[in-house]
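Understanding the architecture of this molecule
Each chain is listed here by its residues.
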Amino acid sequence: MRQKIQGNDAFQRINYLYQISKAMASKNTILSSYYGNLVVNIAKKNVLKIHPEVKRQICKKCRSILIENVSTNMKIRNHNKSKRIEWKCNICGERKGLPAEKNKDHRVWVEKEEAVVEIIK
Ligand SMILES: [Zn+2]
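Residues numbered from 1 in each chain as written. Predicted model: local features only at pLDDT ≥ 70, side-chain atom pairs only at ≥ 80, totals over all residues. Heavy atoms only, no water.

Every protein donor of the zinc ion is listed here as Cys 59 (SG), Cys 62 (SG), Cys 89 (SG) and Cys 92 (SG), and their distances to the metal cover 2.3 Å. For the zinc ion, the 4 donor atoms in the first shell make angles of 105 to 112° at the metal, so the coordination geometry reads as tetrahedral. Read N to C, the donor residues that coordinate the zinc ion are spaced as C-x2-C-x26-C-x2-C. (Donors = N, O, S within 2.8 Å, 3.2 Å for Na, K, Ca; no water. Tetrahedral: all angles 85-135°; square planar, octahedral: opposite > 155°, others 65-115°.)

If you want it as structure tokens, here you go:
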């Protein structure tokens, strides 16, 4: 029971810090990266799994939140017959790429307001 409460608490903190990090992305990239780091660290400490869509928004290298046209530029490229989404972190220059899934709007997650975390059982 006690652990469950702690999990919820961490969940709320992660959501809160994620919002700050996101808000800071256009104003202060150092702070954005700082809060992004806190999100990852709290999740690790509390054995929480950050939702994959949220995780994708955090730069692997500098842990800034990647917001389209603010801290990243996203491109959809045709790669042979399949499509690939590619983006680059404008803060540290780290590049990321993912195969695009058919019939899925990949822009949705970039605009998502909330960090959804799951508790690892
Ligand atoms: Zn980065």
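Alright, that's what it looks like, and here's the rest.
Quick look at the packing of aromatic side chains now. If you walk through the whole model with that rule in mind, you get 1 aromatic pair. With 5.3 Å between their ring centres and 75° between their planes, Tyr 34 and Tyr 35 make a pair best called edge-to-face. Judged by relative accessible area, Tyr 34 falls into the partly exposed class, the value being 47%. (Phe/Tyr/Trp six-rings, centres within 6.5 Å; stacked < 30°, edge-to-face > 60°. Buried < 20%, exposed > 50% of the residue type's maximum accessible area, 1.4 Å probe, protein only.)

Once that is clear, we can look at the sheet that holds strand 3 (residues 82-89). The 3 strands lie next to each other as 2-3-4, forming an open sheet whose pairing is antiparallel. Each edge of the sheet is formed by a strand with only one pairing partner; in this case those strands are strand 2 (72-79) and strand 4 (95-99). Across this sheet, the average inter-strand angle for adjacent strands is 20°, counted without regard to direction. Bridging between strand 3 and strand 4 involves 5 bridges; their strand directions are antiparallel. Bridging from a neighbouring strand, Glu 86 pairs with Gly 97 of strand 4. (Pairing = 2+ DSSP bridges. Helix = DSSP H or I, 4+ residues; strand = E, 2+ residues; numbered from the N terminus. Axes fitted to C-alpha atoms, helices over the stretch in contact; angles between N-to-C directions.)

Judged by nonpolar contacts, the single largest core of 17 residues is most densely connected at Ile 14, Leu 17, Val 39 and Ile 50. In terms of nonpolar packing, the next biggest core, distinct from the first, is built from 7 residues, Cys 59, Cys 62, Trp 87 and Cys 89 among them. (Core = buried A, V, L, I, M, F, W, Y, C linked by side-chain atoms within 4.5 Å.)

For the rest of this paragraph, the subject is unusual backbone geometry. Residue Arg 63 is not a glycine yet carries a positive backbone phi of 60°. Mapped onto the fold, Arg 63 is located in the loop between helix 3 (52-55) and strand 2. Of note, Asn 69 is a non-glycine position whose phi angle comes to about 70°, a positive value. As for its position among the elements, Asn 69 is in the loop between helix 3 and strand 2. Judged by its relative accessible area of 64%, Asn 69 falls in the exposed class.

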